[in-house]
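Read off the chains here:
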Amino acid sequence: LLGEMAVDRVERNTITYNAAISACQKGGALELAMQLLGDMAEGQVERDTITFAAAVSACTTHGEWGLALQILAEMVDARVGRNTITYNSAISACEKG
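Let us look at the structure shown here. Chains are numbered independently. Their residues run from 1 in the order of the written sequence. Restriction of local features to residues with pLDDT of at least 70 applies here, the model being predicted, together with a cutoff of 80 or more for giving and counting side-chain atom pairs; totals for whole chains, interfaces and linings are based on all residues. No hydrogens and no water enter the side-chain calculation; it runs on all heavy atoms of the structure.

**What about the overall build of the chain?**
Convention followed: Helix numbering and strand numbering both begin at the N terminus, where a helix is a DSSP run of H or I of at least 4 residues and a strand a DSSP run of E of at least 2. Our radius of gyration looks at C-alpha atoms and nothing else; its globule reference is 2.2 Å times the residue count to the power 0.38. The classification of residues rests on relative accessible area computed with a 1.4 Å probe and restricted to protein chains. Under 20% of the type maximum is buried, over 50% is exposed, and intermediate values are partly exposed. Contacts between residues were defined by any pair of non-hydrogen atoms, one from each residue, lying within 4.5 Å. Residue burial considers only the protein chains on display, and all accessible areas are found by Shrake-Rupley using a 1.4 Å probe. Counting rule for charge: Lys and Arg are taken as positive, Asp and Glu as negative, and neither His nor the chain ends is counted. Lys charges are placed at NZ, Arg charges at CZ, Asp charges at CG and Glu charges at CD.
From N to C terminus, the chain includes six helices and zero strands. Relative to the globule expectation of 13 Å for 97 residues, the C-alpha radius of gyration of the chain, 13 Å, shows essentially globular dimensions. Its C-alpha atoms give the chain principal-axis dimensions of roughly 40 × 30 × 20 Å. Split into buried and exposed, the 97 residues of the chain put 37% on the buried side. Across the chain, every contact between residues at least 6 apart in sequence was considered, and the portion connecting residues at least 24 apart equals 56%. Of the roughly 5800 Å² that the chain leaves accessible, carbon and sulfur atoms contribute 51%. Separation of charge centres in the chain, based on 7 positive and 12 negative side chains, amounts to 4 Å.

**Thoughts on the nonpolar core**
Just so we agree on the cut-off: We call a set of buried Ala, Val, Leu, Ile, Met, Phe, Trp, Tyr and Cys residues a nonpolar core when their side-chain atoms join them within 4.5 Å.
Of all hydrophobic cores here, the largest spans 24 residues; its most connected members are Ile21, Met34 and Ile71. Taken together, the elements giving at least two residues each to this core come down to helix H2 (14-27), helix H3 (30-42), helix H4 (49-61), helix H5 (65-77) and helix H6 (84-96). Here Ile21 is in contact with Ala33, Leu36, Leu37, Met40, Thr51, Ala54 and Ala55, once residues within four sequence places are set aside.

**So, the side chain of Ser57**
Test applied: Polar contacts here mean pairs of N or O atoms no more than 3.5 Å apart (in protein, one a potential hydrogen donor and the other a potential acceptor; neighbouring residues in sequence count only if both atoms are side-chain atoms).
Tracing the sequence through the fold places Ser57 in helix H4. Reaching out from Ser57, the side chain makes a polar contact with the side chain of Ser89 at a distance of 3.4 Å. Contact partners of Ser57, with chain neighbours within four places excluded, come to Gln25 and Ser89.

**Here we look at the pattern of salt bridges**
For clarity, the threshold we go by: When a carboxyl oxygen of Asp or Glu is within 4 Å of a side-chain nitrogen of Lys or Arg, the pair counts as a salt bridge.
Within this structure, the stated rule accounts for one salt bridge. A salt bridge links Arg47 to Glu74; its shortest N-O distance comes to 2.6 Å. With a gap of 27 residues between them, Arg47 in the loop between H3 and H4 and Glu74 in helix H5 connect regions that are remote in the sequence. The class for Arg47 is buried, based on a relative accessible area of 16%. Classification of Glu74 as partly exposed rests on a relative accessible area of 28%.

Structure representation (structure tokens):
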């Protein structure tokens, strides 16, 4: 749907990307979630705590603890605040991995 938004010239923003990453997490599409996270950075779309929490949760679903920790570290580089949800999700990924 994000692709269709671009074709229809509808702005893709933080909220739409967050919804898409969250849907990927729920649907088990980890690679797509990571691609969307990267697309946001490349397209200079603001990534917020919700963005990263959804991405970390996608890693948790797949037991990808190493990737979850990388994303947690990326939050510092992106100057995005980490919170209880992001830490708990990363801890869960480590537990499952």
